[in-house]
Amino acid sequence: MLTKTVAPGLSDLPPVRSDSLLALIALANADSRPEKIDVGVGVYRDADGRTPVLRAVKEAERRLWEAQDSKGYLGGAGDKIFPELLKPIVLGPHAADERIAGLQTPGGCGALYLAFQLIRLADPSARVFMGVPTWPNHPPMARGAGLEIVEYDHLDRDTGGVRVDALLERLQDARPGDVVLLHGCCHNPTGADLSEQEWDEVARVIAERGLLPLIDIAYQGLGRGLEEDAYGVRVILDACDEALIAQSCDKNFGVYRDRVGCLFMKTRSKEATATAMAHLLQLAREAWSMPPDHGAAAVRMVLQDGALTGDWKAELEEMRQRIATVRERIASSDERLAFIADQYGMFSMLPLTREQVVGLREKHAIYMADSGRFNVVGIADEAIDRFCAAVIEALDGEVAHG
Ligand SMILES: Cc1ncc(COP(=O)(O)O)c(C=O)c1O
């Protein structure tokens with residue numbers, strides 16, 4: 001007879017502290033009311049409420065299917081042409097800077113993961129300054145790399161703008177080598193972006209104090225425009241000798257599940273960048289060995305073909321315009337929502353209590369995060385008026401959690 005020894009192990013793990021967004025998705029999926037509006041979801045939806053594959057991507061995938069004659073390994077760096085093609089889009093005039101190198105990663109998440117791990121390797125005592133609220137994955141990723149976080153208030157709740165005063169004040173506490181995590185554009189969850197003048201000021205302070213900027217740019221082209229949205233990245237690169245830029249193609253190419261991203265890194269010299277890149281490859285090797293190829297190959301094919309690139313830019317502009325139009329419609333429905341027109345990207349936060357959010361769910365089948373964060377383009381065109389009326393009812397205190 002086998003005698004088993006029972007040690008504390010896999011079977012004794014405590015429950016995960018539930019991710020409220022995942023719980024929300026489960027609740028929304030279980031609701032069969034036909035009028036349901038799901039603005040908790042984090043993907044772009046068109047006027048009919050669909051998340052289509054972009055034409056240019058579909059065409060690139062067709063060509064890829066025809067041309068690809070092997071699925072052999074590509075190596076740890078993945079597709080080496082892909083970051084080179086992204087450079088002019090993200091870095092603009094800095095694309096030719098030999099102190100900057102890019103590495104393909106599994107989505108923006110992969111790029112952030114590598115960035116935090118590289119920071120820990122370079123200086124484990126570096127602290128990460130981040131404005132809150134921020135994308136809920138930022139704090140656990142920074143902490144997961146063993147880094148300490150220093151918070152400041154990102155959002156001015158009276159104006160819907162950025163508390164740039166809070167950011168600059170907090171940076172007075174930063175030590176040389178500390179990290180400043182900034183959203184390149186389309187801040188998630190607030191939609192509150194730095195203005196160009198504010199970027200200039202923040203870049204100056206970061207350079208003067210010897211801080212390391214880490215820019216997370218996951219929505220380029222969905223805010224003010226493809227070039228305009230990269231303003232922050234470029235002034236930071238103008239001002240700073242070292243920088244990390246975690247980029248994602250998942251939203252602006254609509255390839256979410258294919259996991260397409262890139263980490264750009266700038267150091268003080270071409271040689272130091274080569275050494276840091278070898279570390280990045282080692283870190284990537286330990287985590288995922290090689291990035292997935294399909295989505296990055298499709299993006300590469302779009303960017304290698306002038307006609308496909310033009311079509312992609314046109315579709316991206318359509319998405320951007322829809323976001324701006326829906327923002328205008330919501331903002332004009334009530335003066336308490338006017339701030340939404342001055343914000344950018346897919347997300348904003350409604351000034352609702354948790355009870356009001358739950359009330360909207362129960363009474364109107366409207367699903368959003370408890371914080372009031374909602375996806376502006378989660379709503380099909382035909383449902384926008386209904387959405388606004390329900391939110392106004394809630395703001396008036398007439399939607400209670402029953
Ligand atoms: C601010 C921010 N950064 C990074 C990401 C990660 O994007 P990806 O899906 O490419 O990993 C997201 C995704 O929602 C995001 O909102």
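Residues numbered from 1 in each chain as written. Predicted model: local features only at pLDDT ≥ 70, side-chain atom pairs only at ≥ 80, totals over all residues.

## Let's talk about the site of the ligand
Piece 1. Contacts to the ligand come from 13 residues, most closely from G107, G108, C109, S248 and D250.
Piece 2. The residue makeup of the shell around the ligand, split by class, is 4 nonpolar, 7 polar and 2 charged. (Near = placed C-beta within 6 Å. Nonpolar A, V, L, I, M, F, W, Y, C, P; charged D, E, K, R; others polar.)

## With respect to the pairing of strand β8 (residues 212-217)
Piece 1. Of all the 6 residues making up β8, 6 are buried; the element is thus mostly covered by neighbouring parts of the structure.
Piece 2. Residues L212, L214 and D216 point to one face of β8 and P213, I215 and I217 to the other, with burial holding for every one of them.
Piece 3. Of the pairings in the sheet, the one linking strand β7 (residues 179-183) to β8 comprises 5 bridges and is parallel in character. Each residue of the ladder has a partner; that of H183, found in β8, is D216.
Piece 4. As paired strands, β8 and strand β9 (residues 243-248) are joined by 4 bridges and run parallel to one another. The residue bridging D216 from the neighbouring strand is A246, located in β9.
Piece 5. Crossover β8 to β9 through helix α8 (residues 231-239) is right-handed. (Buried ≥ 20, exposed ≤ 12 C-beta atoms within 10 Å, placed from the backbone. Helix = DSSP H or I, 4+ residues; strand = E, 2+ residues; numbered from the N terminus. Pairing = 2+ DSSP bridges. Right-handed = clockwise from strand over helix to strand, strands pointing away.)

## Thoughts on the sheet that holds strand β2 (residues 100-106)
Piece 1. Pairing within the open sheet is mixed, and its 7 strands lie in the order β2-β10-β9-β8-β7-β3-β4. Strands with a single pairing partner mark the edges of an open sheet, and in this sheet they are β2 and β4 (148-153). For this sheet, the mean inter-axis angle between neighbouring strands, taken without regard to orientation, is 20°. (Axes fitted to C-alpha atoms, helices over the stretch in contact; angles between N-to-C directions.)

## Details of the packing of helix α6 (residues 164-171) against helix α7 (residues 196-209)
Piece 1. With their axes 11 Å apart at the nearest point, α6 and α7 run at an angle of 5° to one another. One element, α6, and the other, α7, form an angle in the roughly parallel class. Between α6 and α7, the contacting residues are V164, L167, L168 and L171 on the first element and E198, V202, V205 and R209 on the second.
Piece 2. Looking at the contact of α6 with α7 residue by residue, the class counts come to 6 nonpolar, no polar and 2 charged. (Parallel < 35°, antiparallel > 145°, perpendicular 65-115°, else oblique. Contact = placed C-beta atoms within 7 Å.)

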